[in-house]
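Now for the letters of each chain:
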Amino acid sequence: MLHLYQAQFTQIHRAINQRLDSQDWILYEEPKAYTWDPESRGFFENQGLNVEVKESLYTSVHYVIKPRADSPVSCEIQVRTLLEEVWGEIDHLVNYPEPTDNIACREQIGVLARLVGAGSRLADSICRGYADEESE
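In this text the structure is predicted, and so the values were computed from the model without any measurement.

Engineer: Would you take a moment to explain helix H4 (residues 103-135) for this structure?
Structural biologist: Each turn of an α-helix holds 3.6 residues, which means side chains three or four residues apart point in the same direction. Across its 33 residues, H4 extends 48 Å between first and last C-alpha, which sits within 8% of the 48 Å expected from 1.5 Å per residue. Taken together, the buried positions of H4 are occupied by Ile-109, Gly-110, Ala-113, Val-116, Gly-117, Gly-119, Ser-120, Ala-123 and Asp-124. At its buried positions, H4 is contacted by strand E5 (75-81) and helix H3 (82-95). Between the side-chain oxygen of the N-cap and the backbone nitrogen of Ala-104 there are 2.9 Å, and the N-cap of H4 in question is Asn-102.

The structure is reproduced here in structure tokens:
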């Protein structure tokens with residue numbers, strides 16, 4: 001599930017939890033937030049999520065659900081921003097199935113991850129400012 005900016009995650013997390021509370025879905029595994037970014041880590045921890053720091057620079061939240069406890073079928077919902085998705089697709093191209101040996105590419109993937117983090121914060125700020133203006 002993709003969204004534009006990180007602050008929207010709160011609504012998505014709430015909607016998923018409502019489905020879980022109403023027992024439309026059952027958790028198969030505890031939700032987990034993956035990130036490398038200390039600010040994102042704090043954000044996800046404040047949402048009550050377990051956070052795993054990823055040295056690979058990957059950021060996403062994963063929910064593994066089932067329609068009912070006795071179902072053999074499960075589904076993984078991955079939630080991240082569009083910018084994080086772009087980073088992930090480029091990283092996947094360069095580092096899957098085998099990590100690249102190209103030092104320049106590895107360094108550039110790291111720079112891109114940091115740009116994505118900065119871009120996510122900037123997108124949050126723009127959308128907050130726009131919402132404030134609209135409410136006046």
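Engineer: Would you mind showing me how to read the nonpolar core here?
Structural biologist: One recurring pattern in soluble globular proteins is that nonpolar side chains are buried together. In this structure, Phe-9, Ile-16, Phe-44, Val-61, Tyr-63 and Val-79 are the most contacted members of the largest nonpolar core, which totals 14 residues. If you list the elements that add at least two residues to this core, you get helix H1 (9-21), helix H2 (38-46), strand E4 (60-66) and E5. At 4 residues, H1 tops the list of elements feeding residues into this core. Apart from the residues within four sequence positions on either side, Ile-16 is in contact with Trp-25, Tyr-63, Ile-77 and Val-79. The next biggest cluster of nonpolar side chains, apart from the first, holds 7 residues, and it includes Leu-57, Tyr-58, Ile-109 and Val-116.

Engineer: Please clarify how the packing of H3 against H4 should be interpreted in this entry.
Structural biologist: The description of two helices packed together rests on the angle between their axes and the distance between the axes. Axis separation between H3 and H4 bottoms out at 9 Å; the angle between their running directions is 170 degrees. By the angle class used here, H3 and H4 are roughly antiparallel. Each of Leu-83, Glu-84, Trp-87, Ile-90, Asp-91 and Val-94 in H3 lies in contact with H4, whose residues at this interface are Cys-105, Ile-109, Leu-112, Ala-113, Val-116, Gly-119 and Ser-120. Within the contact of H3 with H4, the residues separate by chemical class into 9 nonpolar, 2 polar and 2 charged.

Engineer: Just to check I follow, could you spell out empty space enclosed by the protein for this structure?
Structural biologist: Over the atoms rolls a probe the size of a water molecule, and in doing so it shows where empty space is left. The tally for this structure, following the rule as stated, stands at 2 cavities of 30 Å³ or more. Considering only enclosed or pocket space, the largest cavity measures out at about 130 Å³ in volume. If you trace the largest cavity, you find 15 residues lining it, with Trp-36, Thr-59, Glu-84, Val-116 and Gly-117 closest to the centre. Ranked by the residues each element gives to the lining of the largest cavity, the list is headed by H4, at 5 residues. Along the lines of polarity and charge, the residues of the lining of the largest cavity split into 6 nonpolar, 6 polar and 3 charged. Approximately 40 Å³ is the volume attributed to the second largest cavity. Lining the second largest cavity we find His-3, Gln-6, Phe-9, Phe-44, Thr-59, Ser-60, Val-61, Val-79, Arg-80, Thr-81 and Glu-84. Within the residue set of the lining of the second largest cavity, elements represented by two or more residues are E4 and E5. In terms of residues, the lining of the second largest cavity owes the most to one element, E5, which gives 3 residues. Counted by class, the lining of the second largest cavity contains 4 nonpolar, 5 polar and 2 charged residues.

Thresholds applied
- Residues numbered from 1 in each chain as written.
- Predicted model: local features only at pLDDT ≥ 70, side-chain atom pairs only at ≥ 80, totals over all residues.
- Heavy atoms only, no water.
- Helix = DSSP H or I, 4+ residues; strand = E, 2+ residues; numbered from the N terminus.
- Expected span 1.5 Å × (residues − 1).
- Buried < 20%, exposed > 50% of the residue type's maximum accessible area, 1.4 Å probe, protein only.
- Contact = heavy atoms within 4.5 Å.
- Polar contact = N/O pair within 3.5 Å; in protein donor to acceptor, adjacent residues only side chain to side chain.
- Core = buried A, V, L, I, M, F, W, Y, C linked by side-chain atoms within 4.5 Å.
- Axes fitted to C-alpha atoms, helices over the stretch in contact; angles between N-to-C directions.
- Parallel < 35°, antiparallel > 145°, perpendicular 65-115°, else oblique.
- Nonpolar A, V, L, I, M, F, W, Y, C, P; charged D, E, K, R; others polar.
- 1 Å grid on protein atoms, 1.4 Å probe; cavity = no way out; pocket = protein on both sides within 12 Å on 5 of 7 lines; lining within 4 Å.
- Points joined across faces, edges and corners; volume = space filled by probe spheres on them.

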